[in-house]
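Working through the structure, step by step
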Amino acid sequence: RRRVDALVPARDGRIAASPGRVENGGTEVRLELLDPTDGAGGPALLPGGQVVRRLTVPGLGAVEAPVLGGAWPALFVRASVLGLDGRESPAALERDRRLRARCQALLAAASDVLPRPAAGAPRALFGGDDADPEPLLVWVTPPIAYRGGAGAEVSAADVDLLARGWRSGAARVATPLSAAIARAVAAAVPGSLVHAVARTLPGLPTRIGLPDGPLAVGADVARRAAGWAVESVSLSPGARRLLAGRV
């Protein structure tokens, strides 16, 4: 059954910091999500079993745009399809008047295959987004240097994939864990567009270049009789002391 294992670094019986790996001297806590869907039914991980999917989109023509279903529904395209290079700042995306129309056209073209969670359906660990159930569009590009949150420079050697998201009519600045997991799962499916774009290695997490900085997320997928399934997910968010007190 599904469970979460939290691996916390310790030294001499105390929690140890992870210098150089987590900003502001925090501690890297590795979370391992085992059988995150708990074998639950629901939308297929790849609707129609299609690893490669092409859509005809008004104004864009034929576009390779695979759809991820299951607990983390999303539509993926190359950044170049939208006239982007993947490094644009949130402010630049907000000023791009043509971007909204292109994103809406892509989501409309995929509306018949993009799954939506049913009310009361079993939820996966870190699955979906209760606050915003609208479909997620993600554009990806191979690893390149970019400027992250607070103006920090991120080297191409420190990421395996650049990814930006669009939901509910706007580019996403913050990335919920569910959206980061969707990117890692798509990168783990052999033959998919995201797998081809990302610099992924078996058994290692994918370092995703997000607007606020890189995040390492790993996913193990397997092809079963009923189709593709997610066996485990791993991610390494940071933990920091917020308050301390003595009596």
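Here the structure is shown first, and the text comes after it.
This write-up is about the structure you can find in this document. (Residues numbered from 1 in each chain as written. Predicted model: local features only at pLDDT ≥ 70, side-chain atom pairs only at ≥ 80, totals over all residues. Heavy atoms only, no water.)

When helices and strands are tallied, the protein shows four helices and 18 strands. For the protein, the share of sequence-separated contacts (at least 6 apart) that also reach a separation of at least 24 residues comes to 64%. As displayed, the protein offers around 13200 Å² of accessible surface, 52% of which is attributable to carbon and sulfur atoms. (Helix = DSSP H or I, 4+ residues; strand = E, 2+ residues; numbered from the N terminus. Contact = heavy atoms within 4.5 Å. Areas by Shrake-Rupley, 256 points an atom, 1.4 Å probe, with all protein chains shown as cover.)

Attention shifts here to the pattern of salt bridges. Counted according to the given criterion, the structure contains six salt bridges. One salt bridge connects Arg147 with Glu153, and the closest N-O pair in it is separated by 2.9 Å. In this structure, Arg147 and Glu153 share a single accessibility class: exposed. Where salt bridges share partners, they join Asp160, Arg199 and Arg207 into one cluster. (Salt bridge = Lys/Arg side-chain N within 4 Å of Asp/Glu carboxyl O. Buried < 20%, exposed > 50% of the residue type's maximum accessible area, 1.4 Å probe, protein only.)

Now for the pairing of strand β7 (residues 61-64). One ladder, built from four bridges, connects strand β6 (residues 54-57) with β7; its direction is antiparallel. Bridged to Val57 within β7 is Gly61. Counting the residues that bridge the hairpin from β6 to β7 gives three residues, and of these Gly59 lies at a positive phi of roughly 85°. (Pairing = 2+ DSSP bridges.)

Restricting attention to buried positions, one finds in helix α2 (residues 97-109) the residues Leu99, Cys103, Ala105, Leu106 and Leu107. Where the residues of α2 are buried, they touch β6, β7, β9 (74-78), α1 (90-95), β10 (137-141) and β13 (161-167). Measuring from the side-chain oxygen of the N-cap residue of α2 to the backbone nitrogen of Arg98 gives 3.1 Å; that N-cap residue is Asp96. (Polar contact = N/O pair within 3.5 Å; in protein donor to acceptor, adjacent residues only side chain to side chain.)

With that out of the way, let us pick up helix α3 (residues 177-188). Since one α-helical turn is 3.6 residues long, residues separated by three or four positions face the same way. The first and last C-alpha atoms of α3 sit 16 Å apart over twelve residues, in line with the 16 Å expected at 1.5 Å per residue. Counting buried positions along α3 yields ten of twelve residues, so the element is predominantly enclosed. Within α3 the residues assigned to the buried category are Ser178, Ala179, Ala180, Ile181, Ala182, Arg183, Ala184, Val185, Ala186 and Ala187. (Expected span 1.5 Å × (residues − 1).)

Here we come to the packing of aromatic side chains. Applying the stated rule across the entire model yields zero aromatic pairs. Over the ring of Tyr146 we find Arg164, and its NZ or CZ is 5.0 Å from the ring centre. (Phe/Tyr/Trp six-rings, centres within 6.5 Å; stacked < 30°, edge-to-face > 60°. Lys NZ or Arg CZ within 6 Å of the ring centre and 35° of its normal.)

Here the focus is the pairing of strand β5 (residues 30-34). Burial along β5 is one-sided: Leu31 and Leu33 are buried, and none of Arg30, Glu32 and Leu34, which face the opposite way, are. By the bridge criterion, five bridges tie strand β1 (residues 3-7) to β5 in an arrangement that is antiparallel. Each bridged residue has a counterpart across the sheet, and for Arg3 the counterpart in β5 is Leu34.

Another aspect to go through is the nonpolar core. Ranked by internal contacts, the top residues of the largest apolar core, which has 39 residues, are Leu68, Trp72, Phe76, Val140, Val185, Val217 and Val233. Counting residues per element, this core draws most heavily on α3, at eight residues. Excluding residues that lie within four positions of it along the chain, Val217 makes contacts with Ala180, Ile181, Ala184, Pro205, Thr206, Ile208, Val233, Ser234 and Leu235. If you look at the next biggest cluster of nonpolar residues, it comprises 21 residues, including Val57, Leu107, Leu137 and Trp139. (Core = buried A, V, L, I, M, F, W, Y, C linked by side-chain atoms within 4.5 Å.)

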